[in-house]
2 protein chains.
Amino acid sequence: MTTIADVAKAAGVSISTVSYVMSGKRTISVKTQERVARAIEELDFRPHAGARSLASQASHVIGLQAPLRAGVDVQVVMQIVAGVVSEARKQEYDILLLASDDASGLERADRSSSVDAFLVMDVESDDTRLATIAALGAPAVLIGLPAGAEDLTCVDFDFQAAGALAVERLVERGHRRIALVGSPPEVVTRHTSYADRLARGFTEACAAFGVEGSIHPSPSGADAARLLDEVLDHDSSISGLFVHNEGALPHVADRLRARAVGAPAAAAIDLIALCPPEVAHAVGGLTEVIDLPAEEIGAAATRVLEALLAGEPTERVNLLAPRLVTSKLAVDEA
Amino acid sequence: MTTIADVAKAAGVSISTVSYVMSGKRTISVKTQERVARAIEELDFRPHAGARSLASQASHVIGLQAPLRAGVDVQVVMQIVAGVVSEARKQEYDILLLASDDASGLERADRSSSVDAFLVMDVESDDTRLATIAALGAPAVLIGLPAGAEDLTCVDFDFQAAGALAVERLVERGHRRIALVGSPPEVVTRHTSYADRLARGFTEACAAFGVEGSIHPSPSGADAARLLDEVLDHDSSISGLFVHNEGALPHVADRLRARAVGAPAAAAIDLIALCPPEVAHAVGGLTEVIDLPAEEIGAAATRVLEALLAGEPTERVNLLAPRLVTSKLAVDEA
DNA sequence: GTGAAAGCGCTAACAA
DNA sequence: TTGTTAGCGCTTTCAC
């Protein structure tokens, strides 16, 4: 194994000089810098992570608690994680993947100093982990927005604004009776923070615009088509649909197309979806989509966490504004 | 921060005794063990991961290189990762998530001793990382099966056998002209190991049974339905379909149902899918499915890696045999 | 069955 | 601008 001592010897300097060249915490003459850099390069030296973390009280690792469980939007979770990983690497941080189930994983990582900070995904409105997280030695950023704001830092997409935006658009298009086809029952029951907020934005906007809106948790697979039939057959005045459920979306879109066949054009159902652009594209035929910038959420959360670690001032609540995307292609098709 | 010295003092023993109680590498009197255990409990002591890794030359961390990129079967990747994480935790290992793109991430983690071993996913048949991996100081297990076997340890689902099994079933059901609707073009082009092996099993079995089989990479979204039409309209003698593409499956199944409406029963197309049970269930209406035990793949790979770390003898190639699942429910529906 | 003490490789005072 | 050295918290010889 190559150690800092090997590098120092090769460069003809002291150990501390090598350390300071790496950290930049001391002014070093250019000549020395170059010699050390060359030695590091030639020996392909990489400081021992454990030794460094022991001496510096910092591991340069971020603990990420990601939901690997069912019912969540896998596609979205993966993209958020991708955003986290790539942003973290830019600042030389590594990501430790914590088993998602319990809060004890957070405490273990915290007490063993294996992590400098935490990123917690899949936060529920009244999450039981909140107290634990607040008591952690290391700073944390939640991806989500629990009800009891506490004094935790949060980053998320503004689902409430998205719910309102969808209503606004559907109303603009002339609909007076609309429906939200949302997350699977298990997600809703858990009061996953985003589902709650989306529903709130939707409901409040409906009230504000004086239109009637109903909310329907949806299964994620082919059963979504059945649910859609139920909803539409139960109330034939529904003419606008807002879908937030990656697993249901393709089936809902398909069924909508099927129902449209042979029906009077006036009876066509309008659909706005909330999903990542890739999902929208895969489903196809969607004219208007509210973009869910999953990777950006992960990156943003990581940036906030890094700011926190750097001691820079940060907002407590950071929400990414929704953006409506109109697909030229889909419009042309229509 | 609580250290081992605090525990030693609280228990009235020496530091080394505490260490030996934790590791079990020395016989300690029951009385002492109990005293130490109580002290650890009361102080909620957790050894400093960095210090431990420095002193013991082992980090108790497994580096996982997972593909977060597009075109892969997100659902499957997530489940594999879940399998890895939960199995690793059982043996007190943590998971470091490595950015997936380059081999340099592996080398960095290796040289900095931040990891004891590697788990590499999304292996291509002729993967450029192979040489790098073989040169790593830490042992590695590939989830996949590259062409040049090298002397790397591999764990994967037996895609080749699965391809053959699907053909066998379709032939048993009387089909003489069958088609494989497979991974997206980008996956096939990269020669992702599983896509290659599935195709090989399919082709070889077709030859062995004397039936004609064609292979069609499929886009993952709604475009899959269009591809299906093309395939079926181009050759109307095709009566059996084998689908391995989570993103395409719902659309293919839907389109198949749509085409079946009003068509003579004799012209019905038979479908076998390769996917995780959850996906099959979400899609619905599938009578026969070859189970892709994603979580088990991750767990199995992790177990092999742990055996490797423990110095136990392991097989070089470990393949999980395919299993055909007949859905009672779907059969009843039909 | 238990302790004392020498490192593990690094960072960051303290000295020069 | 650079070097010397005392820890960081743990594991593991060596000694009893």
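Above: the structure in question.
Figured I'd write up the structure that's included with this text. Computed from a predicted model, the values in this text were never measured in an experiment. (Residues numbered from 1 in each chain as written. Chains lettered and ligands numbered in written order. Predicted model: local features only at pLDDT ≥ 70, side-chain atom pairs only at ≥ 80, totals over all residues. Heavy atoms only, no water.)

What follows deals with the sheet that holds strand S8 (residues 240-243) of chain B. Residues and elements named next belong to chain B. Sheet architecture is open: six strands sit in the order S7-S6-S8-S9-S10-S12, paired in mixed fashion. Edge positions in the sheet fall to strand S7 (212-217) and strand S12 (323-326), since each of these pairs with one other strand and no more. Across this sheet, the average inter-strand angle for adjacent strands is 20°, counted without regard to direction. Here strand S10 (residues 288-291) runs beside S12; their pairing, made up of four bridges, is antiparallel. The partner of isoleucine 290 across the bridge, within S12, is leucine 324. (Pairing = 2+ DSSP bridges. Helix = DSSP H or I, 4+ residues; strand = E, 2+ residues; numbered from the N terminus. Axes fitted to C-alpha atoms, helices over the stretch in contact; angles between N-to-C directions.)

Near DNA strand C lie 29 residues; those nearest to it are A:Ile4, B:Thr17, B:Arg26, B:Thr27 and B:Thr32. Within 4 Å of the protein, the atoms of DNA strand C are drawn from sugar and phosphate moieties in a proportion of 59%. A:Ala51 places a main-chain nitrogen or oxygen 3.4 Å from a base nitrogen of DNA strand C. B:Ser14 places a polar main-chain atom, nitrogen or oxygen, 2.9 Å from a phosphate oxygen of DNA strand C. At five residues, helix H2 (residues 15-23) of chain A tops the list of elements feeding residues into the surface near DNA strand C. (Near = heavy atom within 4 Å. Polar contact = N/O pair within 3.5 Å; in protein donor to acceptor, adjacent residues only side chain to side chain.)

Glancing now at the protein's contact with DNA strand D. Around DNA strand D sit 28 residues, and of these A:Thr17, A:Arg26, A:Thr32, B:Ile4 and B:Tyr20 come closest. Of all DNA strand D atoms lying within 4 Å of any protein atom, the proportion belonging to sugar or phosphate reaches 55%. Note that a phosphate oxygen of DNA strand D is positioned 2.7 Å from one of the side-chain N or O atoms of A:Thr17. The set of elements that each furnish at least two residues to the surface near DNA strand D consists of H2 and helix H4 (49-56) of chain A together with helix H2 (15-23) and helix H4 (49-56) of chain B. When residues in the surface near DNA strand D are grouped by element, the largest group, five residues, is from H2(B). Of the residues belonging to the surface near DNA strand D, the class tally is 13 nonpolar, eleven polar and four charged. (Nonpolar A, V, L, I, M, F, W, Y, C, P; charged D, E, K, R; others polar.)

Moving on, we get to the interface of chain B and chain A. Taken together, the contact between chain B and chain A spans 41 residues of the former and 42 residues of the latter. Each partner contributes to the roughly 3900 Å² buried at the junction of chain B and chain A, and carbon and sulfur atoms together form 63% of this total. When the buried surface of chain B facing chain A is broken down by residue, B:Met78, B:Arg108 and B:Arg111 rank first, second and third, together holding 18% of it. The shortest N-O distance in the salt bridge between B:Asp94 and A:Arg108 comes to 3.4 Å. Listing elements by their share of the side of chain B that touches chain A, those giving two or more residues are H4, helix H5 (74-90), strand S2 (94-98), helix H6 (104-111), helix H12 (249-260) and helix H13 (277-283) of chain B. The element contributing the most residues to the side of chain B that touches chain A is H5(B), with eight residues. By residue class, the composition of the side of chain B that touches chain A is 23 nonpolar, eleven polar and seven charged. (Contact = heavy atoms within 4.5 Å. Buried area = accessible area lost by both parts, 1.4 Å probe. Salt bridge = Lys/Arg side-chain N within 4 Å of Asp/Glu carboxyl O.)

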